[in-house]
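Observations on the three-dimensional arrangement
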Amino acid sequence: MTQPANPQTAHGGGRVARASFRLLCRPAHVAVIVFVLAAALAAGLIGRQEQYRLREERALVSNLVAERAYAIQTSVDRVLSATYALAAMVRQGRGEIPEFALTAGQLLRFYPGAATLQLAPGGMVHQVAPLQGNEKALGYDLFNDPQRRGEAALARDTRQLVLAGPFNLFHGGLAAAGYLPVFLNDGDDDEAFWGFVIVGVAFPEVLTPARLGDLADRGYAYELSRRSPDVAEKQVISASSADALVDPVERALTVPNAVWTLSVAPIGGWSDLSDLVWKSAIGLLFSLSLAWQAAWQARLIAAANAQERKLELRAAQRSADLQRFAEVTAHHLQEPARRVASYAGRLRALLSGRVDDTEAQQSLDFISQQAARLQELLHDVELYLAADQPRGELEACRVDTVLSAVVAEFTERVDLSGAVLSVASLPDALIDSPRLGELFRIALDNALRHGRSERTLCIDIDGEQRGACVRYRVSDNGPGVEEQYRERVFRVFERLSSSSDGTGVGLAILRRVAESAGGRAWLDEAPGGGCCVLIELPFAGSPSSRPRTEQPS
């Protein structure tokens, strides 16, 4: 059998919880909590907004990089395409281009960014246009230059255009060269290596279409670098400054025999410090404002709660006073009612045989009846007022034992009514024994009093465990109670018919007992028709397993 919880322990835990709640709800504590939550929310919003701004900024820079990278790619490809026109002329002239200087000069006009055009039969430069300023290039042997022979051999072996450089020029600056190998028919249907046609790529002219200088005007730093397969180190071709870029947006450009990379990043970095400071200041002001408002509201709530507690204490005191007044009044009215009934009986006995006035006898009978009814009413009122107060120790009651005692009290009434009473084994409940007996006493009295009909009255008492509760049912096969009146009958002094017996307080007592014990009570229709009183109480143990017994009249 389970033991009930210690009320002092439960009350102590409740007091600790209430004290902790009051401590937490102090204005200063509320202000701190609200400030921390508001600051965290503001920081989260600022962080989300900063992430969104960074995504937008990087997307914008990515578009700029893609646009500029495409312009560089197009410009370089256009310059290198001059080698194909020059190679076609070499093939047509069987290794010679008459008036090379004039022809090359005309070609250079159509290829902005091309610095020179060269012919290198066998890999040695024999002709250069324009010649002025490039005289040192004549006689330059590509295969004998340790820095160029690898690219020259690669172009010859793969028969593909190869871009060499950028490299430093003799007179300063950067330049690159595109080597296109030329193979001529040797007369035996075989092609023999003739040499190279070369285009010199001028820097920064080849980068002019990309307008890289505009990036600096818009607040962005850039860097164009090269990384070739045979060179591990990165070579910077062009940059806005010597400083390294911070987390740049990059775009690769594929050129013959190498990969160029254009990198762009904001000059001041991706973070906008002034904007973050401004937003943080607003978030701090917002958090402080909310904290102040919360503290003010907490003060108002604390004052309201104090006033509410004061009113509750006053109301509880008034209720206790009224309860006490009602109990004392009901108790003290019992004695006058008893005396009226007693003296009415004595007066009837004294006048018996002396007065033949029927009306006088009826008046005396009426006085006796009303006095008895007044006593019954006062008794039920006392029971109702005391219904919410335990009349014994709260424990796991053996319901079967209590119910057996109640049934024994009603044996004579059951026999006189000819009713059949059926009692099942019931689970135990957590309640004091006197009030548990009162519950079954009222329910059984209600069934015997109002369950009369043309059929033999059958009363069933059963129950079951439902989770943390037990539910008891006292059913009869009488006329029952219509659904619209099933709540009304639980009111004090409420009777559905003025001619019916009873004071109209019994079911009100039953509900008050059940609710004060942590349960509930209500009416429903019995399975076979009739009225069913249902009582739910806290569960306090496993149901006993006695067989169902029949108690016929």
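Placed above this text is the structure.
My aim in this report is to walk through the structure given alongside it, one point at a time. (Residues numbered from 1 in each chain as written. Predicted model: local features only at pLDDT ≥ 70, side-chain atom pairs only at ≥ 80, totals over all residues. Heavy atoms only, no water.)

A short note on the nonpolar core
Spelled out, the test is: Residues belong to a common nonpolar core when they are buried Ala, Val, Leu, Ile, Met, Phe, Trp, Tyr or Cys residues joined through side-chain atoms within 4.5 Å. Only protein chains enter the accessibility calculation, which uses a 1.4 Å probe. A residue is then buried if its area is under 20% of the maximum for its type, exposed if over 50%, and partly exposed in between. By definition, any uninterrupted DSSP run of H or I lasting at least four residues is a helix, any uninterrupted run of E lasting at least two residues is a strand, and each is numbered from the N terminus. Any two residues whose heavy atoms approach within 4.5 Å at even a single point are treated as in contact.
Of all hydrophobic cores here, the largest spans 52 residues; its most connected members are Ile72, Leu117, Trp260 and Leu262. Broken down by element, the residue count for this core peaks at 9 residues, all from helix 2 (residues 27-80). If we skip the residues at most four places from it in the chain, leucine 262 touches Val65, Arg68, Ala69, Ile72, Leu212, Glu223, Leu224, Val249, Glu250, Arg251 and Leu253. In this structure, Val402, Leu403, Val423 and Leu537 belong to the second largest nonpolar core, which totals 46 residues.

Here's the deal with empty space enclosed by the protein
Heads up, the rule is: Cavity and pocket criteria rest on a 1 Å grid covering protein atoms alone: a 1.4 Å probe that fits but cannot get out defines a cavity, protein on both sides within 12 Å along at least 5 of 7 lines defines an open pocket, and an atom within 4 Å of a point defines a lining residue. Grid points are joined across faces, edges and corners, and a volume is the space filled by probe spheres set on the points.
Going through the model one piece at a time under the given rule, you end up with 1 cavity of 30 Å³ or more. In this structure, the largest cavity spans a volume of roughly 40 Å³. Along the walls of the largest cavity sit Leu383, Ala386, Ala387, Arg391, Arg435, Glu438, Ile509 and Val513, which together make up its complete lining. Mapped onto the lining of the largest cavity, the elements with two or more residues apiece are helix 11 (433-450) and helix 12 (506-516).

What to know about the pairing of strand 9 (residues 258-266)
Applicable threshold: Any two strands between which DSSP finds at least two bridges are classified as paired.
The element strand 9 is largely enclosed, with a buried count of 8 among its 9 residues. Note: strand 6 (residues 220-227) against strand 9, 8 bridges, orientation antiparallel. Its bridge partner being in strand 9, leucine 224 is matched across the sheet by leucine 262. Here strand 8 (residues 249-255) folds back onto strand 9 in antiparallel fashion, the turn holding 2 residues, of which asparagine 257 has a positive phi close to 70 degrees.

Topic: the packing of helix 3 (residues 82-92) against helix 4 (residues 100-109)
The line we're drawing: For every element, the axis is a line fit to its C-alpha atoms; helices are fit only across the contacting stretch, and the angle between N-to-C directions ranges from 0 to 180 degrees. Every angle not falling under 35 degrees, over 145, or within 65 to 115 is termed oblique; those three ranges are roughly parallel, roughly antiparallel and roughly perpendicular. In this scheme the handedness of a crossing depends on how the near helix is turned from the far one: anticlockwise by less than a right angle means left-handed, clockwise means right-handed. Each residue is assigned to one of three groups, with Ala, Val, Leu, Ile, Met, Phe, Trp, Tyr, Cys and Pro labelled nonpolar, Asp, Glu, Lys and Arg labelled charged, and all others, Gly among them, labelled polar.
Between helix 3 and helix 4, whose axes approach to 11 Å, the crossing angle comes to 150 degrees. Put simply, helix 3 runs roughly antiparallel to helix 4. For the pair helix 3 and helix 4, the sense of crossing is right-handed. Of helix 4, the residues touching helix 3 (which contributes Ala85, Leu86 and Met89) are Phe100, Thr103 and Leu107. For the contact of helix 3 with helix 4, the per-class residue count stands at 5 nonpolar, 1 polar and no charged.

Quick look at the pairing of strand 14 (residues 469-476)
The buried count for strand 14 comes to 7 of 8 residues, which makes it a mostly enclosed element. Two strands pair when backbone bridges link them, and strand 13 (residues 458-466) and strand 14 are joined in this way by 8 bridges, in the antiparallel orientation. Bridge pairing links glutamate 464 to arginine 471 in strand 14. A loop of 2 residues connects strand 13 with strand 14, the two strands running antiparallel in sequence, and glycine 467 in this loop sits at a positive phi of about 65 degrees. In the sheet, strand 14 pairs with strand 16 (residues 531-538) via 7 bridges, with the strands oriented antiparallel. From the neighbouring strand, cysteine 469 faces strand 16, where its bridge partner is proline 538.

What to know about the pattern of salt bridges
In plain terms, the rule: The salt bridge criterion pairs a side-chain nitrogen of Lys or Arg with a carboxyl oxygen of Asp or Glu, the two atoms within 4 Å.
Overall, the coordinates contain 23 salt bridges when judged by the stated rule. Notably, a salt bridge pairs aspartate 524 with arginine 486, separated by 3.6 Å at the nearest N-O pair. Taken together, the residues aspartate 524 in strand 15 (residues 520-525) and arginine 486 in the loop between strand 14 and helix 12 connect sequence positions 38 residues apart. Judged by relative accessible area, which is 16%, arginine 486 ranks as buried. In this structure, glutamate 536 and arginine 520 form a salt bridge, with 2.9 Å as the shortest nitrogen-oxygen distance. Taken as a pair, glutamate 536 in strand 16 and arginine 520 in strand 15 lie far apart in primary sequence, 16 residues in all. Arginine 520 sits in the partly exposed class, given a relative accessible area of 39%. In the salt-bridge network here, residues are joined through shared partners; they are Glu67, Arg68, Arg211 and Asp214.

A few points about the packing of helix 11 against helix 12
Interhelical geometry of helix 11 versus helix 12 gives an angle of 145 degrees and a closest axis separation of 9 Å. At the point where helix 11 passes helix 12, the crossing takes the left-handed sense. Residues Arg435, Leu439, Ile442, Ala443 and Asn446 of helix 11 pack against Gly506, Leu507, Ile509, Leu510, Val513, Ala514 and Ser516 of helix 12. Grouping the constituent residues of the contact of helix 11 with helix 12 by class yields 8 nonpolar, 3 polar and 1 charged.

Digging into the packing of aromatic side chains
Just so we agree on the cut-off: Between the rings of Phe, Tyr and Trp (Trp by its six-membered ring), a pair exists once the centres lie within 6.5 Å; its type follows the angle of the planes, with under 30 degrees stacked, over 60 edge-to-face, and the other angles tilted.
Under the defined criterion, the tally for this structure stands at 8 aromatic pairs. For the pair phenylalanine 193 and phenylalanine 196, a centre-to-centre distance of 5.2 Å together with 70 degrees between the ring planes defines the contact as edge-to-face. For phenylalanine 193, a relative accessible area of 26% gives the class partly exposed. The buried category is assigned to phenylalanine 196, whose relative accessible area is 0%. Judged by centre distance (6.1 Å) and plane angle (45 degrees), the ring pair of phenylalanine 203 and tryptophan 260 falls under tilted. Of this pair, phenylalanine 203 sits in the loop between strand 5 (191-202) and helix 6 (212-217) while tryptophan 260 is found in strand 9, placing the two residues 57 residues apart along the sequence.

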